[in-house]
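Residue strings, one per chain:
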Amino acid sequence: MTWTLIKAVIKARREGLLHLVPANEATRLDCLKAECAKCCRVLGTPVVTPAEAENIAPEALRKDKHGRIFTRSKNSVCCLLKDGLCSIYPDRPRGCREYPWYNVAGRLYFDAGCPGIKHDLDERPAAGDIMPFEDFFPLAPRFILWIVKKVCVKK
Ligand code: SF4
Ligand code: SF4
């Protein structure tokens, strides 16, 4: 799990994602959808809650030894990505719905690597409505999480 996480973070950073910066000014998402699909191709192993799993084909999911559920992926590309689009869009997991926004210790961040980020309008969500950053990495050892934050989150 830890090694998989480290490899996924390295890949994401190489591809320009997980560059989290504070959302201090007007920001919105204008998603490029199938023209991009970078988040699903690079961060494509989202955590799935048991309630969310009920609406996703079981063969698209995997459970780790602690019972946490994730979508299946290959090289961090989500198996539910079809022709550049999410094949379960209305039922996609919370982390997918909230991307590129992040809640780091109660403060709102966004992934500056998302090419759909614009600064012409203010459509920022409230940080408290976004899943805490740590929840993307369930059961990751604390020191690994600390390193991930150090590498990915700009102060
Ligand atoms: S990386 Fe950003 S622009 Fe690209 S598909 Fe994901 S949310 Fe949309
Ligand atoms: S579930 Fe859908 S939105 Fe989430 S990573 Fe997979 S293809 Fe992308």
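Here is a short report on the structure shown in this document.

Rules and cut-offs
- Residues numbered from 1 in each chain as written.
- Chains lettered and ligands numbered in written order.
- Predicted model: local features only at pLDDT ≥ 70, side-chain atom pairs only at ≥ 80, totals over all residues.
- Helix = DSSP H or I, 4+ residues; strand = E, 2+ residues; numbered from the N terminus.
- Rg over C-alpha atoms; globule rule 2.2 N^0.38 Å.
- Buried ≥ 20, exposed ≤ 12 C-beta atoms within 10 Å, placed from the backbone.
- Contact = placed C-beta atoms within 7 Å.
- Near = placed C-beta within 6 Å.
- Nonpolar A, V, L, I, M, F, W, Y, C, P; charged D, E, K, R; others polar.
- Expected span 1.5 Å × (residues − 1).
- Arc of directions from axis to C-beta.
- Core = buried A, V, L, I, M, F, W, Y, C linked by C-beta atoms within 7 Å.
- Pairing = 2+ DSSP bridges.

Secondary structure summary: the chain contains 5 helices and 12 strands in total. Computed over C-alpha atoms, the radius of gyration of the chain comes to 15 Å, within 12% of the 15 Å expected from 2.2 N^0.38 for 155 residues, which places it in the range of a compact globule. Taking the principal axes of its C-alpha atoms as reference, the chain extends roughly 40 × 35 × 30 Å. Taken across its 155 residues, the chain has 25% of its residues classed as buried. Long-range contacts, defined here as pairs at least 24 residues apart, represent 71% of the contacts in the chain between residues at least 6 apart.

A few words now on the site of ligand 2. Cys40, Gly44, Pro46, Thr71, Cys78, Leu80, Leu81, Cys86, Ile88, Arg92, Pro93 and Cys96 make up every residue found near ligand 2. Partitioning the shell around ligand 2 into residue classes produces 9 nonpolar, 2 polar and 1 charged.

Moving on, we come to helix 1 (residues 2-14). Between its first and last C-alpha, helix 1 extends 18 Å over 13 residues, near the 18 Å set by a 1.5 Å rise per residue. Of the positions making up helix 1, those classed as buried are Ala8, Val9 and Ala12. Mapping the buried residues of helix 1 onto a view down its axis gives an arc of 100°, with all of them on the same face. Every exposed residue of helix 1 that faces more than 90 degrees away from the buried side is listed here: Trp3, Lys7, Ile10 and Arg14. Against the buried residues of helix 1 lie helix 2 (38-42) and helix 5 (142-152). With its phi angle positive at about 90°, Gly16 sits one or two positions after the end of helix 1.

As a further point, take the nonpolar core. Core analysis: the largest hydrophobic core is formed by 23 residues, its most contacted members being Val9, Ala12, Leu17, Leu18, Cys39 and Tyr102. Those residues within four positions of Tyr102 in sequence are excluded, and the remaining contacts are Leu20, Tyr109, Phe110, Asp111, Ile130 and Phe133.

Here the focus is the sheet that holds strand 3 (residues 47-48). The 3 strands lie next to each other as 3-5-4, forming an open sheet whose pairing is antiparallel. Taken across any chain shown, the strands that pair with only one partner, and hence form the sheet edges, are strand 3 and strand 4 (61-63). Where strand 4 lies against strand 5 (residues 69-71), 3 bridges are found, and the strand directions are antiparallel. Of the residues in strand 5, the one forming a bridge with Arg62 is Phe70.

This part takes up unusual backbone geometry. Across the chain, the bulk of peptide bonds are trans and the bulk of non-glycine residues have phi less than zero. The omega torsion across Tyr99 and Pro100 is 15°, close enough to zero to call that bond cis. The residue Pro100 is located in the loop between helix 4 (94-98) and strand 10 (101-104) in this model. With a phi close to 55°, Ala37 is a non-glycine residue in the positive phi region. If you trace the backbone, Ala37 turns up in the loop between strand 2 (28-29) and helix 2. Residue Ser76 is not a glycine yet carries a positive backbone phi of 70°. Here Ser76 lies in the loop between strand 6 (73-74) and strand 7 (77-78).

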